Amino acid sequence: MDNQNTVLQLTHHNSGILQLTLNRPDALNALNAELMEQLYQALMTANEDTTVKALLITGEGKAFCAGADIKQLAKLNGQTGLEFAHHGQLIFRALEQLGKPSLAAINGFALGGGCELAMAATMRIAATTALFGQPEVKLGVIPGFGGTQRLARLVGKGRALDMCLTGRTIKADQAEAWGLVTEVVMPEDLLKRAITILSGIIQLGPLALQSVMTVIDHGYNLSLADALELEAVHFGLCCATQDKQEGVTAFIEKRPAAFIGE
Ligand code: CO8
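Conventions and cut-offs
Within any chain, residue numbers begin from 1 and follow the written order of that chain's sequence. Predicted model: local features are reported for residues with pLDDT of at least 70 only, side-chain atom pairs are reported and counted for 80 or more only, and whole-chain, interface and lining totals are derived from all residues. Each side-chain value is worked out from all heavy atoms of the structure, with water and hydrogens disregarded. Note on definitions: salt bridges are taken to be side-chain nitrogens of Lys or Arg within 4 Å of carboxyl oxygens of Asp or Glu. The helix and strand labels rest on DSSP assignments: H or I over at least four residues marks a helix, E over at least two residues marks a strand, and numbering proceeds from the N terminus. Only protein chains enter the accessibility calculation, which uses a 1.4 Å probe; a residue whose area is less than 20% of its type maximum is buried, one above 50% is exposed, and one in between is partly exposed. Pairing of aromatic rings covers Phe, Tyr and the six-membered ring of Trp, with a centre-to-centre limit of 6.5 Å; geometry is then stacked below 30 degrees between planes, edge-to-face above 60, and tilted otherwise. Note: two strands are recorded as paired if DSSP finds a minimum of 2 bridges between them. Note on geometry: axes are lines fitted to C-alpha atoms, helical ones only across the stretch in contact, with angles between N-to-C directions running from 0 to 180 degrees. Note on contacts: a residue pair qualifies if any of its non-hydrogen atoms lie within 4.5 Å across the two residues. In this text, buried Ala, Val, Leu, Ile, Met, Phe, Trp, Tyr and Cys residues form a nonpolar core when linked through side-chain atoms within 4.5 Å. By definition here, a helix of n residues has an expected span of 1.5 Å times n minus one. It is the directions from the helix axis to the C-beta atoms that the arc portrays. Any residue with a heavy atom lying within 4 Å of a molecule or strand is counted as near it. Under this definition, polar contacts are N or O atom pairs within 3.5 Å; protein pairs additionally need one hydrogen-donor-capable and one acceptor-capable atom, and for neighbouring residues in sequence, both atoms have to be side-chain atoms. Per-residue accessibility takes into account occlusion by the displayed protein chains alone, with areas from the Shrake-Rupley method and a 1.4 Å probe. Each residue is assigned to one of three groups, with Ala, Val, Leu, Ile, Met, Phe, Trp, Tyr, Cys and Pro labelled nonpolar, Asp, Glu, Lys and Arg labelled charged, and all others, Gly among them, labelled polar.

**Observations concerning the pattern of salt bridges**
- Applying the stated criterion to the full structure yields eight salt bridges.
- Asp69 is the partner of Arg24 in a salt bridge, and the nearest nitrogen-oxygen pair spans 2.9 Å. Of this pair, Arg24 sits in the loop between strand S2 (17-22) and helix H1 (33-48) while Asp69 sits in the loop between strand S4 (63-65) and helix H2 (70-73), placing them 45 residues apart in sequence.
- Take Asp69: its relative accessible area is 9%, and that puts it in the buried class.
- Salt-bridge contacts for Glu183 lead to Arg193; the nearest nitrogen and oxygen are separated by 2.7 Å. In this pair, Glu183 sits in strand S10 (residues 183-185) while Arg193 sits in helix H8 (residues 190-201), placing the two residues 10 residues apart along the sequence.
- Its relative accessible area of 23% is what places Glu183 among the partly exposed residues.
- Given a relative accessible area of 30%, Arg193 falls into the partly exposed group.
- What emerges from the salt-bridge pattern is a single network uniting Arg93, Glu96, Arg150 and Asp217.

And the structure:
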């Protein structure tokens with residue numbers, strides 16, 4: 001553990017995985033200003049640090065994250081509410097567009113901003129103990145950190161409307177059936193499985209990984225014709241890399257590829 005006493009614990013695994021553990025267990029890891037700031041700083045550092053190949057995000061205690069800190073939410077007015085939403089959206093978008101794969105390992109409650117944080121990660125897996133929801137309407141607000149948009153994109157408009165209008169929680173198996181997470185495992189296996197998934201991904205060429213993330217993220221909102229063109233351009237870019245030469249040569253020579261990110 002690199003830093004134990006802060007609201008966001010950073011753990012650098014030898015493999016190049018940076019684990020971010022939300023660490024306000026007494027408040028179910030609710031996102032207060034301090035935690036949001038530390039999250040942003042960690043993302044900026046991860047962006048610059050070439051030894052960081054992937055991010056693993058999880059929560060300490062029984063929650064992944066129970067959302068925005070309701071005590072701070074209580075103080076917002078129209079203007080500061082708008083600013084708060086913009087600020088949170090900027091941080092979560094930075095995670096989504098980091099260019100390095102991230103995996104949310106959801107150990108418990110993922111509610112409101114917690115569910116929104118998980119959805120901004122590149123991938124999500126859950127423990128059987130996880131619960132998901134967008135309960136903001138019960139507080140008289142709506143999701144403000146991208147929840148209405150990313151949820152609809154992940155699970156479809158009808159299910160997103162259901163979750164955001166009722167504020168109900170869904171269990172991990174339901175979240176998996178809806179495509180909100182890709183795997184559900186026993187709680188004791190969650191981190192190990194997360195590390196296994198990320199370790200496999202970061203063996204691959206980082207430029208191809210970046211292209212996949214960019215094309216799917218940007219292409220999603222384009223017309224099919226424009227999205228296909230974006231895909232073709234990135235395919236061409238990948239073909240110009242040493243990593244592509246190494247990847248196909250290694251396949252032909254029946255040996256593991258050693259990608260260098262060039
Ligand atoms: N904020 C602050 N404190 C919280 C939060 C939260 N979101 N959630 C839980 N806590 C605190 C509780 O107040 C309690 O503290 P204390 O012990 O000091 O009383 C402690 O965590 C433990 O919580 P509970 O005793 O309630 O634990 P339970 O196991 O009984 O219940 C629940 C767990 C069901 C998760 C319950 O705590 C709960 O409903 N929490 C609120 C969940 C919620 O509504 N989240 C959405 C928040 S709004 C949001 O995320 C909007 C994001 C975008 C905002 C953009 C706006 C501009």
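**Focus: the packing of aromatic side chains**
- According to the stated counting rule, one finds two aromatic pairs in the structure shown.
- One aromatic cluster in this structure is built from Phe84, Phe92 and Phe145.

**Thoughts on the sheet that holds S10**
- Spatial ordering of the open sheet is given by S1-S2-S3-S5-S7-S10, a layout of six strands whose pairing is mixed. The outermost strands of the open sheet, each flanked by one partner alone, are strand S1 (8-12) and S10. Taken pair by pair, the neighbouring strands of this sheet meet at an average axis angle of 20°, ignoring direction.
- Together, S1, S2 and strand S3 (54-59) form the strand contacts of H1, whose direction differs from that of S1 by roughly 25°.

**A short note on the nonpolar core**
- Among the nonpolar cores identified, the biggest contains 47 residues, and Leu55, Phe64, Phe92, Ile106, Phe132 and Leu180 are the most heavily contacted of them.
- Among the elements that make up this core, the one with the highest residue count is H1 (six residues).
- Leu103, Ile197, Ile202 and Leu209 belong to the second largest nonpolar core, which has 15 residues in total.

**Overview of H8**
- Compared with the 16 Å implied by 1.5 Å per residue over 12 residues, the 17 Å span of H8 between its first and last C-alpha is a close match.
- Taken residue by residue, H8 has Leu190, Ala194, Ile197, Leu198 and Ile201 as its buried positions. Along the axis of H8, the buried positions cluster into a sector of 90°, meaning they face one direction only.
- Tucked inside the fold, the buried residues of H8 contact S2, S3, strand S5 (102-106), strand S7 (123-127), S10 and helix H9 (206-219).

**Concerning the site of the ligand**
- Around the ligand there are 24 residues in total, and Lys62, Ala66, Ala68, Ile70 and Gly113 lie nearest to it.
- Interatomic distance of 3.3 Å between a backbone N/O atom of Asp26 and an oxygen atom of the ligand.
- Here an oxygen atom of the ligand sits 2.8 Å away from a polar atom, N or O, in the main chain of Gly113.
- Calculation on the ligand without its partners gives an accessible area of 1,100 Å², and the protein chains cover 65% of this total.
- Those elements that place two or more of their residues in the shell around the ligand are H2, helix H3 (78-96), strand S6 (109-111) and helix H4 (113-120).
- A total of three residues in the shell around the ligand trace back to one element, the largest contributor, which is H3.
- Of the residues assigned to the shell around the ligand, the class counts are 14 nonpolar, five polar and five charged.

**Section: the pairing of S2**
- Burial runs high along S2: six of the six residues are buried.
- Taking every second residue as pointing to the same face, both faces of S2 are buried, with Ile17, Gln19 and Thr21 on one and Leu18, Leu20 and Leu22 on the other.
- For S1 and S2, the ladder comprises five bridges, and the chain directions are antiparallel. Its bridge partner being in S2, Leu8 is matched across the sheet by Leu22.

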